[in-house]
Amino acid sequence: MHSTVICPGSFDPVTLGHIDVITRASRMFDRVIVGVFVNGEKHPVFSIEERIDFLNRTVGDLSNVKVIGCDGLLAQCAKDLGASAVVRGLRAVSDFEYEFQMALTNRKLNPELDTVFLASDASYTYLSSSIVKNVAYHGGDISNFVPACIHDEIFNRLRH
Ligand code: ADP
C-alpha cells in the first residue's frame, strides 16, 4: 500500500532533532509531507516563508519529502493531502501527555488518521526550537543544534 504521512510542526526554526525525525520517516514511508503550520497560538520568530525555506534547504534532497505551509486543523489538512498518519517526534516522557491528547483528538476528528511516534537519536532528546532561540539570543553557540547551511542566518537573526 502506498503510504503518505504528514510531519506537522512550527519548525521555528528547524533543528537537527526535526531533521533526524523527518529523515527517519522518509526511510519508513513512501511519501512524507512536512507541514509547516502557521499556528495561531504561538508567535513565531521566523515567517512561514523563512521556515519553509530553511526546511527545503535541509531536507530538500530527500526525494520523497515535500515541504508545504499549512493552516487550520491538522486532521483536515491530513485528509486533504491524503495522509494516512501523522508522524511526531518524542523527546521525553514530558512530551507524551500532550502528544497523546493531540493524537486522540485528531483521531476523533478524522477516524482514519493515526499518529506514529518516532524517537530521535538520543543526542537530540534535549533539543527544541525554544532552546535554539534562547541560546542564540544570548550569543551562545548553536552550531550543534541547527544545520550548518542555515546556521549563520538563524544565529544573526536571533542574536540579541
Ligand atoms: P510544535 O510546535 O507542533 O510542537 P515543533 O516544531 O516544536 O512542533 O516540533 C515538530 C515535531 O518535531 C514534534 O513532533 C516534536 O515533538 C518533534 N521534535 C522537535 N524536536 C525534537 C527532538 N529533538 N527530538 C525528537 N522530536 C523532536
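The paragraphs below set out a description of the structure included in this document.

## Structural notes on the nonpolar core
- Leu55 and Ile154 are the most contacted members of the largest nonpolar core, which totals 35 residues.
- Elements represented by at least two residues in this core include exactly strand S1 (4–9), helix H1 (16–28), strand S2 (31–37), helix H2 (48–59), strand S3 (65–70), strand S4 (85–90), helix H5 (129–137) and helix H6 (148–158).
- Within the second largest apolar cluster, 12 residues are counted, among which are Ile6, Phe37, Cys77 and Leu113.

## Digging into the site of the ligand
- In the vicinity of the ligand, 15 residues are found, and the nearest of them are Ser10, Lys42, Gly89, Ser120 and Tyr124.
- The contact in question runs from an oxygen atom of the ligand to an N or O atom on the backbone of Phe11, over 2.9 Å.
- Note that an oxygen atom of the ligand is positioned 3.2 Å from one of the side-chain N or O atoms of His18.
- Look at the ligand: alone it shows 560 Å² of surface, and the protein chains cover 89% of it.
- Judged by its atoms lying within 2 Å of the grid points, the ligand is housed in the largest pocket.

## Comments concerning the packing of aromatic side chains
- In this structure the tally under the stated criterion is 3 aromatic pairs.
- Geometrically, the ring pair formed by Phe46 and Phe54 is edge-to-face, given 5.4 Å between the ring centres and 75° between the ring planes. Each member of the pair Phe46 and Phe54 is classed as buried.

## Side note on the pairing of S4
- As paired elements, S1 and S4 share 2 bridges and run parallel to each other. Of the residues in S4, the one forming a bridge with Val5 is Ala85.
- Bridge analysis of S4 against strand S5 (residues 114–119) gives 6 bridges, and the strand direction is parallel. Looking at S5, one finds that Val86 is bridged to Thr115.
- The parallel pair S4 and S5, bridged by helix H4 (residues 93–109), forms a crossover whose chirality is right-handed.

## Here we look at the sheet that holds S2
- The 5 strands lie next to each other as S3-S2-S1-S4-S5, forming an open sheet whose pairing is parallel. With one partner strand each, in any of the chains shown, S3 and S5 form the two edges of the open sheet. Neighbour-to-neighbour, the strand axes of this sheet turn through a mean angle of 30°, independent of strand direction.
- Bridge count between S1 and S2: 6 bridges; the pairing is parallel. By the bridge assignment for S2, Thr4 is matched with Arg31.
- In this fold H1 packs onto S1, S2, S3, S4 and S5, with an angle of close to 120° to the strand it touches most, S5.

Analysis parameters
- Residues numbered from 1 in each chain as written.
- Predicted model: local features only at pLDDT ≥ 70, side-chain atom pairs only at ≥ 80, totals over all residues.
- Heavy atoms only, no water.
- Core = buried A, V, L, I, M, F, W, Y, C linked by side-chain atoms within 4.5 Å.
- Buried < 20%, exposed > 50% of the residue type's maximum accessible area, 1.4 Å probe, protein only.
- Helix = DSSP H or I, 4+ residues; strand = E, 2+ residues; numbered from the N terminus.
- Near = heavy atom within 4 Å.
- Polar contact = N/O pair within 3.5 Å; in protein donor to acceptor, adjacent residues only side chain to side chain.
- Areas by Shrake-Rupley, 256 points an atom, 1.4 Å probe, with all protein chains shown as cover.
- 1 Å grid on protein atoms, 1.4 Å probe; cavity = no way out; pocket = protein on both sides within 12 Å on 5 of 7 lines; lining within 4 Å.
- Sits in = over half its atoms within 2 Å of the grid points.
- Phe/Tyr/Trp six-rings, centres within 6.5 Å; stacked < 30°, edge-to-face > 60°.
- Pairing = 2+ DSSP bridges.
- Right-handed = clockwise from strand over helix to strand, strands pointing away.
- Axes fitted to C-alpha atoms, helices over the stretch in contact; angles between N-to-C directions.
- Contact = heavy atoms within 4.5 Å.

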